[in-house]
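Each chain, letter by letter, is given below.
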Amino acid sequence: MGPYAFFLPPAFDALPEAVADRLLMGVFGRKQAAQTGLAALRAAPSAGGGQGARLARLGLELSLLAFDLDPANAALAQGLLAMIGPQGAGLPSDEVQALRLAAGEGLGREWRERIAAAGRTGDWEALCRRMESGFPQAVAPLAPRIAGLAALASRDEGRIAAWREGLAAAPLTPGLAFLHARAAIFLDGREAGMAALRDSLRRYPWCAQTLLALHDLARGRDGARQALPGRLAILLYSWNKAADLGQTLEDILASELPEFHIFALDNGSTDATPDIVAAFAARLGPARFTALRAPVNVGAPAGRNWLKHLPEVRAFDFAAYIDDDVRLPRDWALRFGAAVAACPDAGAYGCRIHDAGSPSVLQAAEFPLEPDGEAIAASDLQLQAPDVGQFAYCRPTLSVTGCCHLFPMSALCEGGDFDIRFSPSQFDDFDRDLRAALAGRFAVYQGHLAVGHVRASGGDAARKRAAGANAHGNMLKLQGKYDAGDLKRLRREQRNRLLTDIRKKAIWLARHDPGEASDKEGQP
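All of these numbers come straight from a predicted model, not from anything done at the bench.

Enquirer: What is the right way to look at the pairing of strand S3 (residues 289-294) in this model?
Expert: Put simply, side chains in a regular strand alternate between the two faces of the sheet. When strand S2 (residues 260-267) meets S3, the two strands line up parallel, connected through six bridges. Looking at the pairing, Leu-265 lines up with Leu-292 of S3. What joins S2 to S3 is helix H14 (residues 273-284), and the crossover it makes is right-handed.

Enquirer: Is there a simple way to think about the environment of Ala-44 in this case?
Expert: With respect to the helices and strands, Ala-44 occurs in helix H2 (residues 30-47). With a relative accessible area of 9%, Ala-44 lands in the buried category. Note: C-alpha distance between Ala-44 and Leu-478 (434 residues apart in sequence) is 36 Å. Apart from residues lying up to four places away in sequence, Ala-44 is in contact with Gly-52, Leu-55 and Ala-56.

Enquirer: How should the nonpolar core be read in this particular structure?
Expert: For soluble globular proteins, the rule of thumb is that nonpolar side chains tend to be buried together. Counting residues in each nonpolar core, the largest one holds 114 residues, and the members touching the most others are Leu-23 and Trp-206. The dominant element in this core, judged by the number of residues it contributes, is helix H3 (residues 49-69), at nine residues. Discounting chain neighbours no more than four positions away, the residues touching Trp-206 are Phe-6, Phe-7, Leu-23, Val-27, Leu-58, Glu-61, Leu-62, Leu-65 and Pro-174. Counting residues in each nonpolar core, the second largest holds 37 residues, with Leu-245, Val-277, Phe-336 and Val-444 among its members.

Enquirer: Got a minute to help me understand the packing of H2 against H3 in this structure?
Expert: Working note: a packed helix pair is described by the angle between its axes plus the distance between those axes. Two elements in contact, H2 and H3, have axes separated by 7 Å at closest approach and are oriented at 160 degrees. As summarised for this structure, H2 and H3 are arranged roughly antiparallel, according to the angle between their axes. Like other packed secondary-structure pairs, H2 and H3 cross with a definite hand, here left-handed. Split by residue class, the contact of H2 with H3 holds 15 nonpolar, seven polar and one charged.

Enquirer: Got a minute to help me understand the packing of helix H12 (residues 208-218) against helix H21 (residues 484-512) in this structure?
Expert: Between H12 and H21, the least distance of the axes is 10 Å, while the angle of their chain directions is 55 degrees. What the angle tells us is that H12 and H21 run oblique. By crossing handedness, the relation of H12 to H21 is classed as left-handed. Packed against H12, whose contacting residues are Ala-208, Leu-211, Leu-212, Leu-214, His-215 and Ala-218, the element H21 presents Asp-501, Ile-502, Lys-505, Ala-506, Trp-508 and Leu-509 at the interface. Tallied by class, residues from the contact of H12 with H21 come to nine nonpolar, one polar and two charged.

Enquirer: I keep staring at the layout of surface pockets and nothing clicks. Help me out?
Expert: Where empty space is left can be seen by rolling a probe of water-molecule size over the atoms. Of the pockets and cavities examined, the largest pocket occupies roughly 2,100 Å³. Considering the residues around the largest pocket, the lining is formed by 50 residues, among which Asp-323, Ser-425, Gln-426, His-453 and Ala-467 are closest to the centre. For the lining of the largest pocket, the class distribution of residues is 20 nonpolar, 17 polar and 13 charged. Its boundaries defined by the atoms lining it, the second largest pocket holds a volume of some 560 Å³. Along its surface, the second largest pocket is lined by 25 residues, and Ala-143, Pro-144, Trp-163, Gly-166 and Leu-167 are the ones closest to its centre. Counting residues per element, the ones that place at least two in the lining of the second largest pocket are helix H5 (93-103), helix H7 (124-133), helix H8 (143-154) and helix H9 (157-166).

Enquirer: Explanation requested: helix H6 (residues 108-121) in the structure shown.
Expert: Residues separated by three or four positions in an α-helix point in the same direction, a consequence of the helix having 3.6 residues per turn. A rise of 1.5 Å per residue sets the reference length of H6, with its 14 residues, at 20 Å; its end C-alpha atoms lie 20 Å apart and thus fit the reference within 8%. Turning to H6, its buried residues number three or more, namely Gly-108, Trp-111, Arg-112, Ile-115 and Ala-118. For H6, the angular spread of buried residues about the axis comes to 125 degrees, placing them on one side. Of the exposed residues in H6, the ones pointing more than 90 degrees away from its buried face are Arg-109 and Arg-120.

Enquirer: Which parts of the structure should I look at to understand the state of the cysteines?
Expert: Any covalent bond linking the sulfur atoms of two cysteines counts as a disulfide. Scanning all chains against the criterion turns up zero disulfides. Note on Cys-207: no disulfide assigned, nearest cysteine sulfur contributed by Cys-394 at a separation of 18 Å. The class of Cys-207 is buried, set by a relative accessible area of 6%.

Rules behind the numbers
All residue numbers here refer to positions counted from 1 along the written sequence of the relevant chain. Only residues with pLDDT of at least 70 are given local features in this predicted model, and only at 80 or more are side-chain atom pairs given and counted; all residues enter the totals for whole chains, interfaces and linings. Side-chain descriptors were evaluated using all non-hydrogen atoms of the structure, hydrogens and water having been removed beforehand. Two strands make a pair as long as DSSP finds a minimum of two bridges between them. Per the convention used, a helix needs a DSSP run of H or I reaching at least four residues, while a strand needs a run of E reaching at least two, with both numbered from the N terminus. By the criterion used throughout, a crossover qualifies as right-handed when its path from the first strand across the helix to the second strand runs clockwise, the strands pointing away from the viewer. Classification of residues uses two cut-offs on accessible area relative to the type maximum, computed with a 1.4 Å probe and protein chains only: under 20% is buried, over 50% is exposed, and between them is partly exposed. Here, residues are in contact when the closest pair of their heavy atoms is within 4.5 Å. Take the buried Ala, Val, Leu, Ile, Met, Phe, Trp, Tyr and Cys residues and link them wherever side-chain atoms come within 4.5 Å; each set so joined is a nonpolar core. Here, axes are lines fitted to C-alpha atoms. For helices the fit covers the stretch in contact, and angles between N-to-C directions go from 0 to 180 degrees. The cut-offs work like this: below 35 degrees is roughly parallel, past 145 is roughly antiparallel, 65 to 115 is roughly perpendicular, and the gaps in between are oblique. Crossing chirality is assigned from the near helix's rotation relative to the far helix, an anticlockwise turn below a right angle marking it left-handed and a clockwise turn marking it right-handed. Lys, Arg, Asp and Glu make up the charged group, whereas Ala, Val, Leu, Ile, Met, Phe, Trp, Tyr, Cys and Pro make up the nonpolar group; the residues left over, Gly among them, are polar. Cavity: a set of points on a 1 Å grid over the protein atoms alone where a 1.4 Å probe fits but cannot get out. Pocket: an open set with protein on both sides within 12 Å along at least five of seven lines, its lining residues, like those of a cavity, having an atom within 4 Å of a point. Grid points are joined across faces, edges and corners, and a volume is the space filled by probe spheres set on the points. In this analysis, the expected span of each helix is defined as 1.5 Å times one less than the number of residues it contains. Picture the helix axis, draw a direction to every C-beta atom, and the arc is the one those directions span. Sulfur atoms of two cysteines make up a disulfide when they are within 2.5 Å.

Have a look at this one:
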């Protein structure tokens, strides 16, 4: 089984739950990698023997991944130096030197702020230009990590090629190995990319996101497009976002769609939204467009319920809730169709959401539950690194974002309404996914579909304060709906689903890996 055996019994089953559950979720994020590495290191002494040594090595590698993703983090570098000790734990001398430089003041405040700003805004191109105009020679060993993240996040072919060409040797640390593989996909195509992912997986078989990406590439699922097997109701509700709504509707009309009908609810808007809705209704006619209006803003949960209960909507086979401020690719419905074909029994299908103007800044991906703690909390892994391809896979998950998601009509009708206690917005979609999971229907995350989402003005501090207060209040409501038994069931079922999925994919890869087949043929 080679590198594909890691997630199979008995080795994976012997891992501490605190380590195994986070590995299943994925660890390509600075916080997640650091936390999982720490859990492995804490478990190593009591495990003892060979298992203790394996856990210690795993903890070191995960900590190195955290550093690869956050090379300006002095505290993290200092912790790693303390971990490896004076002998360096077998790390190459240039890696040890990079840690020492990051732990000190050599990088300087300016560069730390520039790197942090690129992560917040997604303007990695500006960081690339600054590095090209002069990176401090005294901290040159840090450059491969910073430049690799910046080049892949900027999606600039020339910079990616230059970064890869400038690597002094084959990447040895986990983050650099993954970036190197993604560069091969970007520059050299599918076959070379798969070979690079296999190499990365052979060195770091614990990286679920590498295995999931390799599986989808090997089976052609990364580019799969398939028509939905039925008619599609497209459901929108909007409040005072006339310009954004108009652009979203234009994107829908430019899409490759099955038989469809748009149902648009104007949620009591006081801007030009009624004019936009009326214009599209006149343009498409009653066969394709139904305009609805509420006299006041009833909020997201009630708006969703209003639309789903329309008899005309329930006559369709699928329903897609689309936010009024998204930027859709032409093939979004076909991408969802491919996910339906791969996982036909899901209760909902979601996708990867990024800032409309900054594709490297993720807002949402899949939302598994955090595996520990007494409160319900979804993972924020998508916020812990720029998008460099780590979420390019499709698999079952506990929850997906409501920004752009698809329901089989049967699942939408059977799963109950969106809870209006979460009005005007926030967590009503997450709550519904939790209820569906407790009833046995998990969601599916389609990471090969990326949708841009327009955010409200960053200068509107009052609105941000109000939204934050509302989100905090709704989170308290969410915690009150589920008891410890519910949380335990959700986590247990999540673990079973993720583990079953990755084991099936690992076995498939082992059976279809040319290298594995050659090894077997060469055995006596």
